[in-house]
Each structure stands twice: as structure tokens, then as C-alpha cells.
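# Per-entry structural report
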Amino acid sequence: MKKYRKQLILASLLTLLPIPVGLILRNRFPDPMAIHFGLNGQADGFASPLTAIFLLPLLMLLGLWITVFLALWDNRDQNHKPIRLVFWILPITANLISGIFYAMALGMEFSMGAVMCVGLGLMFFAIGNYLPKCRRNYTVGIRVKWTFTSEENWNATHRFAGKVWTISSILMCFTAFLPGYWNVGFMIAETLALGIMPTIYSYRFYRRQVANGDQLDPLPKTYRKITWFAMAFTAVILIFVGVMLFTGSLQVRYDAESFTVEASYYEDLTVNYDEIQAIDYREGNVDGIRLFGLGSFRLLLGTFQNEEFGKYTRYTYYRPESCVILTVNDRALVLSGRDRQESQAIYDALVQRVGD
């Protein structure tokens, strides 16, 4: 760490560079700002300007420190060129993504898919140039179990991977000129190929060595520990994502002067009856773009926006059969139950209490 202290400080400062730039431009940013885009290039995720300015650089800084720590801990005799690459991938990525967010917030129009194709293409080109220089380790490179069975497998796989990444990166830059979903589709396919093709090559190389009776190294204990840790960590993440995406419920509690919507995984909402200006029952869903809050295949909670209501608050299930639409202090509030009967019950209860 002492040897690379200056590089780490410089890389950290570069990672945080979007923050002062964003603060200078903050008054020119809309509120909320787009921070996520769908496959069609349209914004589908928003946040406040301060969140957009600080969140990505700070997350990238955390990722930089973790990655550098693991790389230096595991690569004491590693070629310094691949280590140097580790220092600069995340800082450059942070500046590229923040720059895109800022440019679009300032009204510049361009294809998000094309920009991402070019940006990823250039990054993959740099990585492809360094892959053949990687020595065997547990942090940087094609770390499948077959590459650890011999030095020859590791070196051959990384020479092959370098060619695959370089060719794919050039093709990815050209896909930026394809229309619509095509550039994003090709970008995803090419990204998958970067991992799949070297893995297949490493396995086939291993099978040839076994057939030839070559002496192979036993799988290192460190690799086994890292593999089990990675599997356990992945399982926890998948379980967490599954719970967040497909579970949760809404409960409405009625009190003497107010009602409260109790929501899983999100803050509860309390509304006084005397703040309600109008109540309407509508068959079908109310479409809108989520600006802030929770969106899953079970619940839609938080601040949304559409042409009918502008910004509105929503506490509903995903694509409900019917909705209750309240006007609260001149702002729409959309509620729903799990089905049409529960939504109707919410409507009837609120009409009775507001009328009283």
C-alpha cells in the first residue's frame, strides 16, 4: 500500500471530482434529476440533485478502496501494469457516468446506448491489452478453477482473453451507430462473450491437459475459500433482491382524525382526513414514472410523475386492478389494495370518514 499511496490518493481525488463539478452546476440541474435509463434510452429513475451528485462518486470510491486493497493483498509479485489498471477503471467510470447524468440534466440530447457502447468499448480495449500481462492471482483476471490448475492454462487463457476483449471492444464501438435497441442488445451480447468465451477456452485447455496426462496443480485452498465466500455472498444478494422484488404488503389503519398506510420496506404514510379535498375510485392502473421511492414487482411506493397529475404520491401494489385517487393539499395520492375488493374497501372507508 505504501508503494502505491500516491496513485491511490490521486485515483480517489479523481473519483470524487464529479462532486465539486456537480455542486457548481447544481442550480442549473432540474429537480429531480435522471439517474437511471431503460433499454430504450428513456429516463426511468430519478433522484434529487444532491443525491445524484454525491451517491455515485461515493459508491465508486468505496469500490475503489475495496478493489485496491484486495488487488494489493493478493498480488505482491504481480506485474505492476495490471495493478495500475485497477487504480483507474473506477475513477474513469465515475467521471464518465456522472458526466452523462450532468450533460442530460443540462438539456444535451444524445443516445445513451451509443455513449455507453463507446465508453465500455474503450474500457474493454484497455483491459484486453493488460490481460495477457496478468500473473496467476485471485483478484485480477479470468479466475475460473481451470486457470488455477497450471501456469500454462492461466497464460494461454489470458492471451486468448486479451484477443477476445480487444476484438469485442472494437465491435462494441461500432455498435454505437446501430439504431434503438440494437446497440444495447449487441452491447449486452458482447459483454457476455467477454466472460463466456475465455471460460470455455480454459476448460477445453484443461481437458487437453488431462487427456495428455500433464501434471496439474491442486486447486488452492485460498481459491476454495474465495469461491465459497463468493457463492454465499451471491446467494445472500439474490435472496435479498428476491425478497425486495416479490414480497411486501400494504395495510391501511384508520384512526379518529387520520389514516396511516403501513408499507413493507418503506416509510409509512399518515394523512389527516381534513387534508383530503377529493376522493375518486378508478378502475385499472395509474401509470407513471418513479422519481423516488420503491419500485418492485410487488409494490410501487414513493413519488411518481405522469402527465395527468404531474408529481404525485403512490402507495399501491404493482399494476393494481383498481385505484383510489385522493387529492391531498392539491397533490394526488394514489392508493390500492391487493385486488379490486380491497381497493373498494379503502374507498368506502375513506368516503365514510371524510364525509363524517
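### Concerning the packing of aromatic side chains
Centre-to-centre distance and the angle between the planes together describe a pair of aromatic rings. Taken as a whole and assessed by the stated rule, the structure comprises 13 aromatic pairs. Between Trp146 and Tyr203, the ring centres sit 5.1 Å apart and the planes meet at 70 degrees, which makes this aromatic pair edge-to-face. Here Tyr203 lies in helix H7 (residues 180-212) and Trp146 lies in the loop between helix H5 (112-130) and helix H6 (151-175), a separation of 57 residues in the sequence. Measuring from ring centre to ring centre gives 5.7 Å for Phe148 and Trp154, while their planes differ by 55 degrees; the resulting arrangement is tilted. Pair check on accessibility: Phe148 and Trp154 agree, each one buried. Among the aromatic residues, those joined into a ring-pair cluster are Phe160, Tyr201 and Phe205. If you follow Arg314 out to its NZ or CZ, it ends over the ring of Phe304, 5.7 Å from the centre.

### Re the pattern of salt bridges
Counted according to the given criterion, the structure contains eight salt bridges. For Asp217, the salt bridge identified is with Arg136, shortest N-O distance 3.2 Å. Within this pair, whereas Asp217 is found in the loop between H7 and helix H8 (221-246), its partner Arg136 is found in the loop between H5 and H6, the two being separated by 81 residues in sequence. Taking the shortest distance from any N to any O, the salt bridge between Arg253 and Glu262 comes out at 2.2 Å. The exposure class of Arg253 is partly exposed, given its relative accessible area of 36%. Among the ionic contacts, a cluster of salt bridges with common partners joins Arg136, Glu151 and Asp217.

### Quick word on the nonpolar core
By size, the foremost hydrophobic cluster in this structure holds 35 residues, and its most contacted members are Phe29, Met33, Val68 and Phe87. Among the secondary structure elements, those contributing two or more residues to this core are helix H1 (5-16), helix H2 (18-25), strand E1 (33-37), helix H3 (49-74) and helix H4 (80-105). What Phe29 contacts, discounting residues up to four positions off in sequence, is Gly22, Pro49, Ile53, Tyr102, Ala105 and Leu106.

### A look at the packing of H5 against H6
Interaxial distance between H5 and H6 falls to 8 Å at its minimum, and their mutual angle equals 165 degrees. When the axes of H5 and H6 are compared, the pair comes out roughly antiparallel. The element H5 and its partner H6 pack so that their crossing is left-handed. Between H5 and H6, the residues in contact are Cys117, Val118, Leu120, Gly121, Leu122, Phe124, Phe125, Ile127, Gly128 and Asn129 and Gly162, Trp165, Thr166, Ser169, Met172, Cys173 and Thr175, respectively. Split by residue class, the contact of H5 with H6 holds ten nonpolar, seven polar and no charged.

### Comments concerning the sheet that holds strand E5 (residues 269-272)
Whether parallel or antiparallel, the strands of a sheet pair through hydrogen bonds between backbone atoms. The strand order across the open sheet built from three strands is E3-E4-E5, with neighbouring strands paired in antiparallel fashion. This sheet does not close on itself; its edge strands, each paired only once, are strand E3 (250-254) and E5. Averaged over all neighbouring strand pairs, the angle between strand axes comes to 15 degrees, with direction disregarded. Two elements, E3 and strand E4 (residues 258-263), share five bridges in a ladder whose sense is antiparallel. Looking at the pairing, Tyr254 lines up with Phe259 of E4.

### Digging into helix H9 (residues 340-355)
In an α-helix there are 3.6 residues to a turn, and that puts residues three or four apart on one side. When the terminal C-alpha atoms of H9 are compared, their 22 Å separation across 16 residues agrees well with the 22 Å that a helix rising 1.5 Å per residue should span. Three or more residues of H9 are buried, namely Ser343, Ile346, Ala349 and Leu350. An end-on view of H9 places all buried positions within 130 degrees of arc, on one side of the element. Away from the buried face of H9 by more than 90 degrees, exposed residues Gln341 and Gly355 are located. At its buried positions, H9 is contacted by E3, E4, strand E6 (276-283), strand E10 (322-328) and strand E11 (331-335). Put simply, Asp339 is the residue that caps the front of H9, since its side-chain oxygen is 3.2 Å from the backbone nitrogen of Gln341.

### Here's the deal with the sheet that holds E11
Taken in spatial order, the six strands line up as E6-E10-E11-E9-E8-E7 in an open sheet, and their pairing is mixed. Edge positions in the sheet fall to E6 and strand E7 (289-295), since each has one partner strand and no second. Averaged over all pairs of adjacent strands, the angle between their axes in this sheet comes to 20 degrees, without regard to strand direction. The pairing of E10 with E11 spans five bridges and is classified as antiparallel. Looking across to E11, one finds that Val328 is bridged to Arg331. Contacts between H9 and the sheet are confined to E6, E10 and E11, with E6 contributing the most and set at about 155 degrees to the helix.

### So, the pairing of strand E9 (residues 310-317)
For E9, the tally of buried residues reaches six of eight residues, placing the bulk of the element in the interior. Note that strand E8 (residues 299-306) and E9 share eight bridges and pair antiparallel. Bridging from a neighbouring strand, Leu300 pairs with Thr316 of E9. Note: E9 against E11, three bridges, orientation parallel.

Calculation criteria
Residues numbered from 1 in each chain as written. Predicted model: local features only at pLDDT ≥ 70, side-chain atom pairs only at ≥ 80, totals over all residues. Heavy atoms only, no water. Phe/Tyr/Trp six-rings, centres within 6.5 Å; stacked < 30°, edge-to-face > 60°. Helix = DSSP H or I, 4+ residues; strand = E, 2+ residues; numbered from the N terminus. Buried < 20%, exposed > 50% of the residue type's maximum accessible area, 1.4 Å probe, protein only. Lys NZ or Arg CZ within 6 Å of the ring centre and 35° of its normal. Salt bridge = Lys/Arg side-chain N within 4 Å of Asp/Glu carboxyl O. Core = buried A, V, L, I, M, F, W, Y, C linked by side-chain atoms within 4.5 Å. Contact = heavy atoms within 4.5 Å. Axes fitted to C-alpha atoms, helices over the stretch in contact; angles between N-to-C directions. Parallel < 35°, antiparallel > 145°, perpendicular 65-115°, else oblique. Left-handed = near helix turned anticlockwise from the far one by under 90°. Nonpolar A, V, L, I, M, F, W, Y, C, P; charged D, E, K, R; others polar. Pairing = 2+ DSSP bridges. Expected span 1.5 Å × (residues − 1). Arc of directions from axis to C-beta. Polar contact = N/O pair within 3.5 Å; in protein donor to acceptor, adjacent residues only side chain to side chain.

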